[in-house]
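Per-entry structural report
Given next are the chains, with one letter for each unit.
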Amino acid sequence: MKRIHCSFCGKSDSEVEKLAAGPGGLHICDGCVETCRVIMDGSEVPPKEFDPGNWPTDRLLGSLEALDRTAESYREHLARAVDALRAREVSWARIAEPLGISRQSAWERFS
Ligand SMILES: [Zn+2]
């Protein structure tokens, strides 16, 4: 059976109580939702770095497909956002700026 992993802490569906699905293949577990609730209630929670070096091998292997799927999905979201900007006749130069690339690179990448 294919495991689903939390996109934030990497734990699989067998390691957490619940996992909720979000856009682009993202999932969030009950533990990470609780951390979010604490933050939303105004408490300071230090941000966690993505640190797969400490994850068990099975968790790392199990998360690869989901990470790849999420990355691919977000590449598609980026392309659709650029398409929407181009439909509004926003220039390649303006699109390139927040991406930190040249106008030419933006045109080559997205046109
Ligand atoms: Zn989590």
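Counting of residues starts from 1 at the beginning of each chain's written sequence and follows it residue by residue. Only residues with pLDDT of at least 70 are given local features in this predicted model, and only at 80 or more are side-chain atom pairs given and counted; all residues enter the totals for whole chains, interfaces and linings.

Some words on the overall build of the protein chain
Condition: Labels follow the DSSP assignment, with helices taken as runs of H or I lasting at least four residues and strands as runs of E lasting at least two, numbered in each case from the N terminus. The atom set for the radius of gyration is the C-alpha atoms, and the globule formula is 2.2 Å times the number of residues raised to the power 0.38. Exposure criterion: with C-beta atoms placed from backbone coordinates, a residue whose C-beta has 20 or more other C-beta atoms within 10 Å is buried, one with 12 or fewer is exposed, and one in between is partly exposed.
For the protein chain, the helix and strand inventory stands at 4 helices and 2 strands. Relative to the compact-globule value of 13 Å for 111 residues, the protein chain shows a C-alpha radius of gyration of 18 Å, a clear excess of over 25%. In terms of overall dimensions, the protein chain has a C-alpha envelope of 45 × 40 × 25 Å along the principal axes. The buried share among the 111 residues of the protein chain stands at 12%.

Considering the packing of helix 3 (residues 92–99) against helix 4 (residues 103–110)
Rules: Axis definition: a line fit to C-alpha positions, over the contact stretch in the case of helices; interaxial angles, taken between N-to-C directions, run 0 to 180 degrees. Oblique is the label for any angle not covered by the other classes, which are roughly parallel (under 35 degrees), roughly antiparallel (over 145) and roughly perpendicular (65 to 115). Residue pairs qualify as contacts under a 7 Å threshold applied to their C-beta atoms, which are placed from the backbone. Note on residue categories: nonpolar means Ala, Val, Leu, Ile, Met, Phe, Trp, Tyr, Cys or Pro, charged means Asp, Glu, Lys or Arg, and polar means any other residue, Gly included.
Contact geometry of helix 3 with helix 4 gives a least axis separation of 8 Å together with a crossing angle of 95 degrees. In terms of their interaxial angle, helix 3 and helix 4 are classed as roughly perpendicular. Residues W92, A93, I95, A96 and L99 of helix 3 lie in contact with helix 4, whose contacting residues are R103, S105, A106 and W107. When the residues that make up the contact of helix 3 with helix 4 are grouped by side-chain class, the tally is 7 nonpolar, 1 polar and 1 charged.

Looking at the confidence of the model for the protein chain
Our working definition: Across the chain, each position has a pLDDT score giving the predictor's confidence in that residue, from 0 to 100.
In this model, the protein chain carries a mean pLDDT of 90, and residues with pLDDT of at least 70 account for 99%. Mean pLDDT across the elements of the protein chain bottoms out in helix 2 (residues 57–87) (89) and peaks in helix 3 (97).

Remarks on the environment of A106
Following the sequence through the fold, A106 ends up in helix 4. Of the residues examined, A106 has 19 C-beta atoms within 10 Å and is grouped as partly exposed. On a C-alpha basis, the gap between A106 and V16 in space is 41 Å, while along the polypeptide they are 90 residues apart. When neighbours within four sequence positions are excluded, A106 is seen to be in contact with W92, I95, A96, L99 and I101.

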